[in-house]
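An overview of the molecular structure
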Amino acid sequence: MTNLEVIALLADKDSYARFSKYIKPHIVGDEGYQIIADMGEWFDKYEDIDWTKFSVWFRMQHRMYKPEKMKIYTDIFTRLEEFEPDDDLKNTIAEILIDQDFATKIADTSLRIAEGSEKDEMSDVLDLMEEYKNEIDYSKGMDSWIVSHDIEETLTLAHTGGYEFRLEGLRENLGRIKKPDFIVVEARPDAGKTTFLASEASYIGSQLPEELSVLWFNNEEGGFKVKNRIIQAALGKTDAEIMADVKGTKEAYEKLMGRLDKIQIIDRGDISPRDIQLVLDDIPPGLIIFDQLWKVNGFGTKSSNEVARITSLYNWAREIAKEYAPVITVHQADGSAEGERWLTQNQLYLTKTAGPGEADAIVGIGRTHNPSEEFNRFFNIPKNKMKVGGGSRNKRFIANLDAERARFEMATGVEIDE
């Protein structure tokens, strides 16, 4: 990396504003650093740089320079007029500069911690690493952030792809699940949240390409119990049927899913967003499940209360869905939902509008204490931005819980009261 390449990186106002802060004198030398400093003054008046005009202006700014010193600058400007770095080179230079800057910041902070500083702690190092990742992503430019202007491409992405839900009521109301969908499922305890996830995860998992997995982040019941429910749901069999032919169960499950590890359960109660990020970067996901997201440890040090912490988690999960794969999480419904059929968005425990606002769909699973409705589950979709092109939206339907086979099936002959 030469002075010329670094200076050329900053040759437009936006790039200068973005990257000049990362450049230190030792990187470009005294002459390069002086040019970069003067570029800041130039950009106060102009949007871009014409090196011929800039060189004339520069000489006027530094009329007191001796001829031999000015010749050094003149040679640099002459080379800059002929130099045309491509985008790949610019990206590489930007990443190197950011790497160097954050390596210095992290090293300095770590040294202060090692020396017993009371103002610094390890969370500051982790925050710097997160900031570093964001800066690297941004340095690659905004082209990847802007939705394509190609109409055919837009319509294809909007109307095709994704995976079907097992439950017919979800297929009718939500359509197909795809990146970057983010779905929140709310229910009271013992309503069948884990069974619901097992039923849908096993069905969606069977549709994923060979190289993708369902990543299930579990902080509820034991991981082996969850895995058992997934096997039941995938095959539609009871525990007794499974245990009667374990070898046959294994073969049938592998044939259906394509791989025995198609659904991978990450069973850790104290998992953090940084832990989750490591898993996502290591195992390519086709679907991401959080059981339950609001219990993930994260963002607590920066949030003033629990509502703010959960809101931050939901914001983070929304970005995960955009970057990696669709996300489904279950969330506890508050006490007002106990014994209720049709749950609403306002009954999500410890949330306000900001958290649920990140979701593309909210699915409420209600249940009553009526003995005749013991296995009925009442599905309400108070928020739905998923289905493209109209059709059923924000509808109610009733399903039956088949606990022995870890499945939900559409109910018939049960009244849907409005």
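Figured I'd write up the structure that's included with this text. A quick note: this is a predicted structure, and the numbers were derived from the prediction, not measured. (Residues numbered from 1 in each chain as written. Predicted model: local features only at pLDDT ≥ 70, side-chain atom pairs only at ≥ 80, totals over all residues. Heavy atoms only, no water.)

Looking at the overall build of the protein chain
- Along the protein chain, the regular secondary structure elements total 15 helices and 9 strands.
- Residues classed as buried in the protein chain amount to 45% of the 418 residues present.
- A separation threshold of at least 6 residues defines the contact pool for the protein chain, and within that pool the share at least 24 residues apart is 67%.
- Looking at the protein chain as shown, the accessible area adds up to about 21700 Å², and 50% of this sits on carbon and sulfur atoms. (Helix = DSSP H or I, 4+ residues; strand = E, 2+ residues; numbered from the N terminus. Buried < 20%, exposed > 50% of the residue type's maximum accessible area, 1.4 Å probe, protein only. Contact = heavy atoms within 4.5 Å. Areas by Shrake-Rupley, 256 points an atom, 1.4 Å probe, with all protein chains shown as cover.)

Considering the sheet that holds strand β9 (residues 407–410)
- Pairing is mixed in the open sheet, where 9 strands are placed in the order β3-β2-β4-β5-β1-β6-β7-β8-β9. With partners counted over all chains shown, the strands left at the sheet margins are β3 (263–267) and β9, one partner each. Neighbouring strand axes in the sheet, compared pairwise and without regard to direction, differ in orientation by 25 degrees on average.
- Relative to strand β5 (residues 327–332), strand β4 (residues 285–291) is paired through 3 bridges, and the arrangement is parallel. Its bridge partner lying in β5, Ile289 is registered against Ile328. (Pairing = 2+ DSSP bridges. Axes fitted to C-alpha atoms, helices over the stretch in contact; angles between N-to-C directions.)

With respect to helix α15 (residues 306–323)
- The end-to-end C-alpha distance of α15, which contains 18 residues, comes to 26 Å, matching closely the 26 Å that a straight helix rising 1.5 Å per residue would cover.
- Considered for burial, the residues of α15 that qualify are Arg309, Ile310, Thr311, Leu313, Tyr314, Trp316, Ala317, Arg318, Ile320 and Ala321.
- Residues of α15 that are buried sit in contact with β1 (182–187), α14 (273–282), β4 and β5. (Expected span 1.5 Å × (residues − 1).)

What to know about the environment of Val279
- You can see Val279 is positioned in helix α14.
- Distance in space between the C-alpha atoms of Val279 and Phe217 is 9.8 Å, their sequence separation being 62 residues.

Section: a negative patch on the surface
- The grouping of Asp48, Asp50, Glu81 and Glu82 at the surface amounts to a negative patch.
- Within the secondary structure layout, Glu82 lies in helix α5 (residues 67–82). (Patch = residues over 30% accessible without salt bridge, like charges linked within 9 Å, V, L, I, M, F, W, Y side chains within 5 Å. Salt bridge = Lys/Arg side-chain N within 4 Å of Asp/Glu carboxyl O. Lys, Arg positive; Asp, Glu negative; His and termini not counted. Charge placed at Lys NZ, Arg CZ, Asp CG, Glu CD.)

Topic: the pattern of salt bridges
- Summed over the entire model, instances satisfying the criterion amount to 14 salt bridges.
- Of the charged contacts, one joins Glu47 and Lys13 as a salt bridge, the two residues approaching to 3.5 Å between their closest N and O atoms. Taken together, the positions of Glu47 in the loop between α3 (25–43) and α4 (51–61) and Lys13 in helix α2 (residues 13–19) put the pair 34 residues apart, joining distant regions of the chain.
- The class of Lys13 is partly exposed, set by a relative accessible area of 29%.
- With a closest N to O distance of 3.9 Å, Glu409 and Arg407 form a salt bridge.
- We classify Glu409 as partly exposed; its relative accessible area is 40%.

Describing unusual backbone geometry
- Going from Lys179 to Pro180, the amide bond is cis rather than trans, its omega being 10 degrees.
- Topologically, Pro180 is positioned in the loop between α9 (168–174) and β1.
- Cis rather than trans, the peptide bond between Asp291 and Gln292 has omega equal to 10 degrees.
- Positionally, Gln292 belongs in the loop between β4 and α15.
- Non-glycine residue Asp190 carries a positive phi angle of around 65 degrees.
- With respect to the helices, strands and loops of the structure, Asp190 is situated in the loop between β1 and α10 (193–205).
- Given the relative accessible area of 67%, Asp190 is considered exposed.

Some words on the pairing of strand β8 (residues 396–402)
- Taken together, the 5 bridges between strand β7 (residues 376–384) and β8 define a ladder with antiparallel strand orientation. Within β8, the position partnered with Asn376 by the bridge is Asn400.
- As judged from the 4 bridges shared by β8 and β9, these two strands associate in the antiparallel manner. Bridged to Ala399 within β9 is Met410.
- Linkage of β8 to β9, two consecutive antiparallel strands, is achieved through a turn of 4 residues, within which Ala406 is found at a positive phi near 55 degrees.

Quick notes on the environment of Ile365
- One can find Ile365 in strand β6 (residues 361–366).
- You can call Ile365 buried: its relative accessible area is 1%.
- As a C-alpha pair, Ile365 and Ala191 span 174 residues in sequence and 7.1 Å in three-dimensional space.
- With near-sequence residues (within four places) excluded, Ile365 lies in contact with Val185, Glu186, Ala187, Arg188, Ala191, Phe196, Leu343, Arg377, Phe378 and Phe379.

Points about the packing of aromatic side chains
- Inspection of every chain in the model, using the stated rule, returns 21 aromatic pairs.
- Seen in terms of ring centroids, Tyr16 and Phe43 are 5.3 Å apart; in terms of plane orientation they differ by 50 degrees. Their pairing is tilted. Of the two residues, Tyr16 is situated in helix α2 and Phe43 in helix α3; the sequence distance between them amounts to 27 residues. When sorted by exposure, Tyr16 lands in the same class as Phe43, which is buried. (Phe/Tyr/Trp six-rings, centres within 6.5 Å; stacked < 30°, edge-to-face > 60°.)

Observations regarding the side chain of Arg188
- Relative to the helices and strands, Arg188 resides in the loop between β1 and α10.
- Polar contacts involving the side chain of Arg188 include one to the main-chain carbonyl oxygen of Asp334, which spans 3.4 Å.
- Of note is the side chain of Arg188, whose polar atom sits 2.9 Å from the side chain of Glu338.
- Apart from residues no more than four positions distant in its own chain, Arg188 is found in contact with Lys193, Ala333, Asp334, Gly335, Ala337, Glu338 and Ile365. (Polar contact = N/O pair within 3.5 Å; in protein donor to acceptor, adjacent residues only side chain to side chain.)

A closer look at the nonpolar core
- Counting 42 residues, the largest nonpolar core has Leu174, Ile177, Ile183 and Phe379 as its most contacted members.
- Ignoring sequence-local partners within four residues, the contact set of Ile183 consists of Phe165, Leu174, Ile177, Val327, Ile328, Thr329, Ala361, Val363 and Met386.
- Listed in part, the 34 residues of the second largest apolar core include Tyr16, Ile36, Met70 and Ile76. (Core = buried A, V, L, I, M, F, W, Y, C linked by side-chain atoms within 4.5 Å.)

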